[in-house]
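One letter stands for each residue in the lines below.
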Amino acid sequence: EAGVVQSPRYKIIEKKQPVAFWCNPISGHNTLYWYRQNLGQGPELLIRYENEEAVDDSQLPKDRFSAERLKGVDSTLKIQPAELGDSAVYLCASGTNYEQYFGPGTRLTVT
Amino acid sequence: DQQVKQNSPSLSVQEGRISILNCDYTNSMFDYFLWYKKYPAEGPTFLISISSIKDKNEDGRFTVFLNKSAKHLSLHIVPSQPGDSAVYFCAATGTNKLVFGAGTILRVKS
């Protein structure tokens, strides 16, 4: 069974540019999570989806970040415009609160 | 406000010896605790978990101990192997959200 798939794996952009990350969760998993992991820190939840509904987006900086999961399967996280402080690894996970499976992440570098 | 703390940024252990990784938490509402292991350029992978109704859970070389009164848990790896070298994250949940610690880098020397 395929795991959580994320693309791209690496992205380098200049500040003020837009960027998007894509995630395909494990088949059958209704719950999808986006996390941000800063250097030397643990993952921090940005948004949680139950099917296509965002049920917890309290930590998502809504002025520049947006996310969607239109058909309740794959999801896209967007940043526009990117800032230097957005450099981090963006992780997608699916599963339940007691058993989450993570993708390999997208390492974003904003210059 | 860090609700889950891993106060040791790194730990170095000789192969075959015991590795003990520690984690403290502050939120009394947490009722389930997990350990994840992360290799470079990979996402975290689930290692072992424990419910707050237990004080110990064992899976092969890995044992997690929970001390609720001290709000402390630890992960024991016996015997440690070079392939165990990774970053270990402690995580806790009490609602629909996992809260992670900052991680401890474990290096197992052969």
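Placed above this text is the structure.
Along every chain, residues carry numbers that run from 1 in the direction the sequence is written. The order in which chains are written sets their letters, starting at A; the order in which ligands are written sets their numbers, starting at 1. Residues qualify for local features only when their pLDDT is at least 70, as the model is predicted, and side-chain atom pairs are given and counted only at 80 or more; totals for whole chains, interfaces and linings, by contrast, use all residues. Heavy atoms throughout the structure, all of them, feed into the side-chain values; hydrogens and water do not.

Mind laying out the state of the cysteines, listing which residues take part and the relevant values?
Counting rule for disulfides: a pair of cysteine sulfur atoms within 2.5 Å. Per the counting criterion, the structure on display carries two disulfides over all chains. Here A:Cys23 pairs with A:Cys92 through a disulfide, and the sulfurs are 1.9 Å apart. Residues A:Cys23 and A:Cys92 are joined by a disulfide whose S-S torsion is about -70°; by sign, that bridge is left-handed. Within this pair, whereas A:Cys23 is found in strand β3 (residues 19-24), its partner A:Cys92 is found in strand β9 (residues 88-96), the two being separated by 69 residues in sequence. Disulfide pairing places B:Cys23 opposite B:Cys90 at an S-S distance of 2.1 Å. Here the disulfide of B:Cys23 and B:Cys90 is left-handed, its torsion about the S-S bond being about -75°. By the criteria applied, helices consist of DSSP H or I runs no shorter than four residues and strands consist of E runs no shorter than two, each listed in order from the N terminus.

Talk me through the sheet that holds strand β6 (residues 56-59) of chain B; I want residue IDs and the actual numbers.
Residues and elements named next belong to chain B. Pairing is antiparallel in the open sheet, where five strands are placed in the order β1-β3-β8-β7-β6. If you trace the sheet from one side to the other, it starts and ends with β1 (4-5) and β6, each paired once. For strand β7 (residues 62-67) and strand β8 (residues 72-77), the ladder comprises six bridges, and the chain directions are antiparallel. Following the sheet pairing, threonine 63 is matched in β8 by histidine 76. At least two bridges found by DSSP between two strands are what make those strands a pair.

Tell me about the pattern of salt bridges, and please be specific about residues and values.
Should a side-chain nitrogen of Lys or Arg be within 4 Å of a carboxyl oxygen of Asp or Glu, the pair is scored as a salt bridge. This model, assessed by the stated rule, comprises seven salt bridges over all chains. Here A:Lys62 ties to A:Asp57 by a salt bridge, and the two come within 3.8 Å at their closest N and O atoms. Relative accessibility under 20% of the residue-type maximum defines a buried residue, over 50% an exposed one, and the middle range a partly exposed one, all with a 1.4 Å probe and only protein chains included. The exposure class assigned to A:Asp57 is partly exposed, which follows from its relative accessible area of 29%. For B:Arg61, the salt bridge goes to B:Asp84, with nearest N and O atoms at 2.8 Å. Within this pair, whereas B:Arg61 is found in the loop between β6 and β7, its partner B:Asp84 is found in the loop between β8 and β9 (86-93), the two being separated by 23 residues in sequence. Looking at B:Asp84, the relative accessible area reads 2%, which means it is buried. Put simply, A:Arg36, A:Arg64, A:Glu83 and A:Asp86 are held in one network by salt bridges that share partners.

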